[in-house]
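Here is what each chain is made of, one letter per residue.
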Amino acid sequence: MIVIPDAVGPDLHVVESGPPDGPAVVFAHALGSDLTMWDAIVPLLPSGLRLIRLDMRGHGQSPCPDGPYPMGDLVVDAARSLDRLDVCDCVFVGLSIGGIIAQGLAAERLDLVRGLVIANTAAKIGTPAIWADRIAAVRKDGIESVVEANMERWFSHATRRDHPEIVNAARARLLATPLAGYVGCMEAIADTDLYESTARLRLPTLAIAGSEDGSAPADLVRETAALIPGSRFHLIRGTGHMPPVEKPDEFARILTEFLGGIGHL
């Protein structure tokens with residue numbers, strides 16, 4: 001369950017491309033990343049789409065208010081951004097925490113969302129104990145203390161071996177994340193369980209997983225997809241937690257096929 005706050009949150013940093021009157025596709029990034037994680041797939045998508053990328057609070061160029069960050073705040077941040085941009089009936093693409101936000105947004109504001117793409121995510125990720133340990137480590141020793149473990153979860157062995165430039169870019173994004181923003185969003189994930197609300201969703205949904213994802217394993221993604229009747233599941237082999245970064249061609253192809261299949265091109 002998500003508790004929707006009464007207070008107004010920050011205006012998120014947004015980057016748009018494509019025609020303003022095109023079908024809207026909105027992208028929400030992973031924890032410890034920013035909207036640039038979608039850069040590789042943007043040129044691969046059909047030119048008629050209105051592509052909207054968000055930096056969540058405490059990440060990228062969005063404001064970093066003091067915590068805590070209940071998941072309801074993050075959902076409202078996204079909803080306010082879409083309202084401000086006069087967006088409705090979008091396809092919302094979320095990866096990791098972005099995928100949790102996507103599920104919450106669809107449950108609370110179905111007027112905004114006509115289709116979901118939930119990548120490398122679940123209705124519930126990890127346990128409170130796992131997140132408590134990670135939060136304590138970051139509070140004590142900084143984000144640097146978890147960087148290399150994250151790189152192992154985020155990227156396949158082949159990518160870490162053959163494409164250090166991809167890993168280095170993700171490492172830099174993570175290290176640039178404000179500590180308060182990183183901890184606030186970790187706390188949001190730790191406290192969130194959307195099984196009941198996600199199981200009530202009835203809209204076109206594509207779930208994407210990476211075969212070597214150490215953060216949201218493929219079986220967990222598949223289990224979440226199964227909660228939504230009629231959803232599709234696609235496994236991208238040879239990728240970890242960041243398929244749009246590791247294999248943008250395949251991610252863009254599957255996304256484009258989904259958009260075409262629901263008449264959103």
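Refer to the structure presented above.
Cut-offs used in this document
Residues numbered from 1 in each chain as written. Predicted model: local features only at pLDDT ≥ 70, side-chain atom pairs only at ≥ 80, totals over all residues. Heavy atoms only, no water. Core = buried A, V, L, I, M, F, W, Y, C linked by side-chain atoms within 4.5 Å. Buried < 20%, exposed > 50% of the residue type's maximum accessible area, 1.4 Å probe, protein only. Helix = DSSP H or I, 4+ residues; strand = E, 2+ residues; numbered from the N terminus. Salt bridge = Lys/Arg side-chain N within 4 Å of Asp/Glu carboxyl O. Disulfide = S-S within 2.5 Å. Expected span 1.5 Å × (residues − 1). Contact = heavy atoms within 4.5 Å. Pairing = 2+ DSSP bridges. Axes fitted to C-alpha atoms, helices over the stretch in contact; angles between N-to-C directions.

Student: Can you walk me through the nonpolar core in this structure?
Tutor: The nonpolar side chains of a soluble globular protein tend to be buried with one another. If you look at the biggest cluster of nonpolar residues, it comprises 88 residues, and the most contacted ones within it are Phe27, Met71, Phe92, Val93, Ile97, Val113 and Phe155. Element by element, the count of residues in this core is highest for helix 7 (residues 179-190), at seven residues.

Student: Any chance you could explain unusual backbone geometry here in plain terms?
Tutor: Glycine aside, the phi torsion of most residues is negative, and most peptide linkages are trans. Across the junction of Gly67 and Pro68, the peptide omega takes the value -5°, indicating a cis bond. The residue Pro68 is located in the loop between strand 3 (50-54) and helix 1 (71-84) in this model. Even without being glycine, Ser96 reaches a positive phi, approximately 60°. Tracing the backbone through its elements, the reader meets Ser96 in the loop between strand 4 (90-95) and helix 2 (97-108). Judged by its relative accessible area of 8%, Ser96 falls in the buried class. One non-glycine residue, Asn120, adopts positive backbone phi at about 50°. Mapped onto the elements, Asn120 comes out in the loop between strand 5 (113-119) and helix 3 (128-141). The exposure class of Asn120 is buried, given its relative accessible area of 0%.

Student: How do you make sense of the pattern of salt bridges when you look at a structure like this?
Tutor: Pairing is possible between side chains that carry opposite charge, provided their charged atoms lie close to one another. Summed over all chains, the structure comprises 13 salt bridges. When the shortest N-O distance is used, the salt bridge between Arg253 and Glu257 registers 3.3 Å. Here the residue Arg253 and the residue Glu257 both occupy positions in helix 11 (residues 248-261), the gap between them amounting to four residues, near one helical turn. According to the relative accessible area criterion, Glu257 is partly exposed, its value standing at 41%. Linked by salt bridges that have partners in common, Asp11, Arg80 and Arg84 make up one network.

Student: Mind showing me how you'd approach the state of the cysteines here?
Tutor: Here, disulfide denotes a covalent bond that connects the sulfur atoms of two cysteines. All chains considered together, the criterion is met by zero disulfides. Take Cys185: it sits in no disulfide, and the sulfur closest to it among the cysteines is that of Cys64, at 8.5 Å.

Student: Could you clarify how one ought to interpret helix 1 in this entry?
Tutor: The terminal C-alpha atoms of helix 1, which comprises 14 residues, lie 20 Å apart, in line with the 20 Å expected from a rise of 1.5 Å per residue. By the criterion of burial, helix 1 is predominantly enclosed, with 11 of the 14 residues buried. Every buried residue of helix 1 is listed here: Met71, Gly72, Asp73, Leu74, Val75, Val76, Asp77, Ala78, Ala79, Ser81 and Leu82. Of the surrounding secondary structure, the elements contacted by the buried residues of helix 1 are strand 2 (24-28), strand 3, strand 4, helix 2 and helix 7. Looking one or two places after helix 1, you find Asp86, whose phi comes out positive at around 60°.

Student: Looking at this structure, how should I read the sheet that holds strand 3?
Tutor: One key point about sheets: their strands pair by backbone hydrogen bonds, in either a parallel or an antiparallel sense. What the seven strands build is an open sheet, ordered 1-3-2-4-5-6-7; its pairing is mixed. Each edge of the sheet is formed by a strand with only one pairing partner; in this case those strands are strand 1 (14-17) and strand 7 (232-236). The sheet shows a mean angle of 15° between the axes of neighbouring strands, direction not considered. Strand direction decides the pairing type here: strand 4 and strand 5, joined by six bridges, are parallel. The residue of strand 5 that forms the bridge with Cys90 is Val113. Most of the contacts of helix 9 (residues 218-225) go to strand 6 (residues 205-210), to which it runs at about 170°, and overall it touches strand 5, strand 6 and strand 7.

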